Amino acid sequence: QVQLVESGGGLVQAGDSLRLSCAASGRTFSRYVMGWFRQAPGKEREFVAAVSWSGTSTYYADSVKGRFTIARDNANLMVYLQMNSLYPEDTAVYYCGAQLPKLGPYWDHADAYDYWGQGTQVTVSS
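The rules behind these values
- Residues numbered from 1 in each chain as written.
- Predicted model: local features only at pLDDT ≥ 70, side-chain atom pairs only at ≥ 80, totals over all residues.
- Heavy atoms only, no water.
- Buried < 20%, exposed > 50% of the residue type's maximum accessible area, 1.4 Å probe, protein only.
- Helix = DSSP H or I, 4+ residues; strand = E, 2+ residues; numbered from the N terminus.
- Pairing = 2+ DSSP bridges.
- Contact = heavy atoms within 4.5 Å.
- Axes fitted to C-alpha atoms, helices over the stretch in contact; angles between N-to-C directions.
- Disulfide = S-S within 2.5 Å.

## A few points about the pairing of strand 9 (residues 92–99)
At step 1: Burial analysis of strand 9 places seven of its eight residues in the buried class, the great majority of the element.
At step 2: Sheet topology note: the strand 4 (residues 33–39)/strand 9 ladder contains seven bridges and is antiparallel. Bridging across to strand 9, Met34 finds its partner in Ala98.
At step 3: Direction of pairing for strand 9 relative to strand 11 (residues 120–125): antiparallel, over a ladder of three bridges. By the bridge assignment, Ala92 is partnered in strand 11 with Val122.
At step 4: Of the strand pairs in this sheet, strand 9 and strand 10 (residues 115–116) are connected by two bridges, and their pairing is antiparallel. Bridged to Gly97 within strand 10 is Trp116.

Following this line, the structure appears as structure tokens:
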């Protein structure tokens, strides 16, 4: 069992920046693939970014490349999502996910992640 708690969401203006944090606890954390997904009302959960257990490999959705950065701090059991140049289209509930080691891995598949946080709301006004 892994527990994940997101924080850092809020209301910002278009063009602003925001940093989300995900604090992990429970079973061994360092070898999990960690990802960020988001979900707007009436839409499916959408892949945003993922990072390998070592922190050396990252993967981003095309919609956020060049604007968002994912990083992890295994010593402190934390994962971060730095979001710059935010658009109103980025408005969603953002979720942190943990994926057990498996073939692939399946960076951008929501159903491949084994644990999820409760989400944090990000609202970007125009």
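## Looking at the environment of Tyr80
At step 1: In this fold, Tyr80 is placed in strand 8 (residues 78–83).
At step 2: Residue contacts for Tyr80: discarding those within four places in its chain leaves Arg19, Leu20, Ser21, Trp36, Thr69, Ile70, Ala71 and Asp73.

## Digging into the side chain of Arg67
At step 1: If you trace the backbone, Arg67 turns up in the loop between strand 6 (58–60) and strand 7 (68–73).
At step 2: Among the residues examined, Arg67 registers a relative accessible area of 9% and is labelled buried.
At step 3: Dropping the residues within four chain positions of it, Arg67 is found in contact with Gln82, Met83, Asn84, Ser85, Leu86, Tyr87 and Asp90.

## Considering the sheet that holds strand 8
Backbone hydrogen bonds are what pair the strands of a sheet, in a parallel or an antiparallel way.
At step 1: If you trace the four strands from one edge of the open sheet to the other, you get 1-3-8-7, paired in antiparallel fashion. If you trace the sheet from one side to the other, it starts and ends with strand 1 (2–7) and strand 7, each paired once. The sheet shows a mean angle of 15 degrees between the axes of neighbouring strands, direction not considered.
At step 2: Strand direction decides the pairing type here: strand 7 and strand 8, joined by six bridges, are antiparallel. Within the sheet, the bridge partner assigned to Ala71 lies in strand 8 and is Tyr80.

## Here we look at the state of the cysteines
At step 1: Applying the stated rule across the entire model yields one disulfide.
At step 2: One disulfide in the model links Cys22 with Cys96; its S-S distance is 2.2 Å. When the S-S torsion is -80 degrees, as for the bridge of Cys22 with Cys96, the disulfide is left-handed. Note that Cys22 is positioned in strand 3 (residues 18–26) and Cys96 in strand 9, a separation of 74 residues in sequence.

Everything listed is a geometric property; what it means functionally is a separate question.
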